[in-house]
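# Structural overview
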Amino acid sequence: MELSRRMFTQLCRLHGLIQLGFISNSNYVAKKTILVLFINDRLVECSALKRAIEIVYAATLPKASKPFVYMSINLPREHVDINIHPTKKEVSLLNQEIIIEMIQSEVELKLRSANDTRTFQEQKVEYIQSTLTSSRSDPPVSPLLSGQKTQKVPVNKMVRTDSSDPAGRLHAFLQPKSHNLPDKVSSLSVVRSSVRQRRNPKETADLSSVQELIAGVDSCCHPGLLETVRNCTYVGMADDVFALVQYNTHLYLANVVNLSKELMYQQTLRRFAHFNAIQLSDPAPLSELILLALKEEDLDLGNENNDDLKERIAEMNTDLLKEKTEMLDEYFSINIDSNGNLSRLPVILDQYTPDMDRVPEFLLCLGNDVEWEDEKTCFQGVSAAIGNFYAMHPPLLPNPSGDGIQFYTKRSESSQDNTDLGGNVEMEENIDQDLFSDAENAWAQREWSIQHVLFPSMRLFLKPPAAMASNGTFVKVASLEKLYKIFERC
């Protein structure tokens, strides 16, 4: 006759159902449940008991992790049915539900008392050592639970670059050159620290026209391009104008002139009336600079006449800018003294100085292209002129790499003794080392500024307008998914 539930439970507790048992705690990890079960000193299996123990551990262990349990049970022989399987390994118990419930309670009680502390494993990320060292400290890696598996990413969608690690950029594959950069160039750590610490002033000028211009910039922002700019990785310069950048599994050509021009324009609006200043060591006369810009335009057009007209235009623009000097100094930190000399320029991006060879063009643009009568249009025109001046244009000196070296050679006729049989005069080419060195420094300085000043500032401040999605500023040149499709066909 089967005993009642209460009487059987009391008998089990009185006689000690579990003689010996060991169970794993929550720090143990295995791919399958291991239950070593002895009943009356005989190794057996009990599927119901194994499932019950797994249920208890399911609430404790990480997903897909299984426990280890060793248990020795003593029961009356008549309470153990060994005729479940021909091998006699699988057994069934009399009052099986009550016994399993008791074992579950004991295991759960032990787990609760042993689960006060947990041990977690941390994954350490080691970056490849590169010639360029990053001063930015590596972000802490979030600890993974013991036994937790990360979701496997398909190889055709795997992003293999990190914006904080320069090892994947073109510089890692190029032989470094020794460029004698000016002493005024700060170290990489100083620039990055300055870019991150500098934030746009929260209070701009209380002018509704400026607020409207800033609101227009915010409303025209393209969300897709904003995400790309915030999280892209700089790869290197593809040519004089386009840089290669990677975003996720896509490779883009980015027009650094357009991007820098837009960034400088937006920064001019957001720093309106809150500029630091660049003090010129030698004040430059406006009239001479504007006249120089006019002559350069005529050289481009092949027209060198009308010198009197150029002088009158230069004089008119000089008088106009002298009239506006108070406004330019207060709002844009552009100082013109009473003698008509330019003595101060604004700082648009910290640790960046514009190409001073473009000052004449900038002053001519201020005089000719700005509509001074309407306040909003005036501020927009001045900001656009500043943005164009501070944009990272290619240097005026031709690029000395590749075919550009021909612009830095001196040709001299050798003596007639060196003439060849055909009567052609032998030409000896010698590189103008001083000019060549200046050009190398100018181009190296620009590329350094693009990588370490422009792109970090873009990630913080730039809100790319929707027009950049269609005007060629960003051009997708490769996609990892499509490349894998091509390789699969080969």
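If you check an unreviewed UniProt entry, the chain appears there as DNA mismatch repair protein MLH1 isoform X3 from Camelina sativa.

## Topic: the sheet that holds strand β12 (residues 341-347)
One open sheet accounts for three strands, arranged β10-β12-β11; its pairing is antiparallel. If you trace the sheet from one side to the other, it starts and ends with β10 (276-285) and β11 (335-336), each paired once. Bridge count for β10 against β12 is six bridges, and the pairing is antiparallel. Bridge pairing in β12 links Ile278 to Leu345.

## With respect to the nonpolar core
One finds Phe332, Leu363 and Phe379 to be the most contacted residues of the largest nonpolar core, which totals 71 residues. For Phe379, the residues in contact, after removing those within four places along its chain, are Leu207, Ser209, Val210, Leu213, Phe272, Met327, Tyr331 and Phe332. Formed by 21 residues, the second largest nonpolar core is a distinct cluster that contains Val56, Tyr57, Ile100 and Leu111.

## Thoughts on the pairing of strand β9 (residues 250-255)
Where strand β8 (residues 242-247) meets β9, six bridges bridge the pair, whose relative direction is antiparallel. Each bridged residue has a counterpart across the sheet, and for Val245 the counterpart in β9 is Tyr252. Counted along the chain from β8 to the antiparallel partner β9, the turn is two residues long, and its residue Asn248 has a positive phi close to 55°.

## Thoughts on the sheet that holds β9
Reading across the sheet, the four strands line up as β7-β8-β9-β15 and stay open at both edges, with antiparallel pairing between neighbours. The open sheet has two free edges, formed respectively by β7 (233-237) and β15 (474-479), since each of these has just one partner strand. Between one strand and the next, the sheet's axes are offset by a mean angle of 30°, whatever the strand orientation. With four bridges connecting them, β7 and β8 associate as antiparallel partners. Residue pairing in the sheet places Tyr234 in a bridge with Val245 of β8. Sitting on the sheet, helix α6 (residues 223-231) is in contact with β7, β8, β9 and β15, with an inclination near 95° to β8.

## What about the side chain of Glu481?
By the element assignment, Glu481 lies in helix α14 (residues 480-489). In this structure the side chain of Glu481 is engaged in a polar contact, spanning 3.0 Å, whose partner is the side chain of Thr249. Side chain to side chain, Glu481 and Ser479 meet in a polar contact 2.9 Å long.

## Notes on helix α9 (residues 307-323)
The end-to-end C-alpha distance of α9 is 25 Å, a good match for the 24 Å that 17 residues give at a rise of 1.5 Å each. Regarding α9, the residues found buried are Lys310, Ala314, Asn317, Thr318 and Leu321. Around the axis of α9, the buried residues are gathered within 105° of arc, so they sit on the same side. Residues of α9 that are exposed and point over 90 degrees away from its buried face: Asp308, Met316 and Glu323.

Rules used throughout
- Residues numbered from 1 in each chain as written.
- Predicted model: local features only at pLDDT ≥ 70, side-chain atom pairs only at ≥ 80, totals over all residues.
- Heavy atoms only, no water.
- Pairing = 2+ DSSP bridges.
- Helix = DSSP H or I, 4+ residues; strand = E, 2+ residues; numbered from the N terminus.
- Core = buried A, V, L, I, M, F, W, Y, C linked by side-chain atoms within 4.5 Å.
- Buried < 20%, exposed > 50% of the residue type's maximum accessible area, 1.4 Å probe, protein only.
- Contact = heavy atoms within 4.5 Å.
- Axes fitted to C-alpha atoms, helices over the stretch in contact; angles between N-to-C directions.
- Polar contact = N/O pair within 3.5 Å; in protein donor to acceptor, adjacent residues only side chain to side chain.
- Expected span 1.5 Å × (residues − 1).
- Arc of directions from axis to C-beta.

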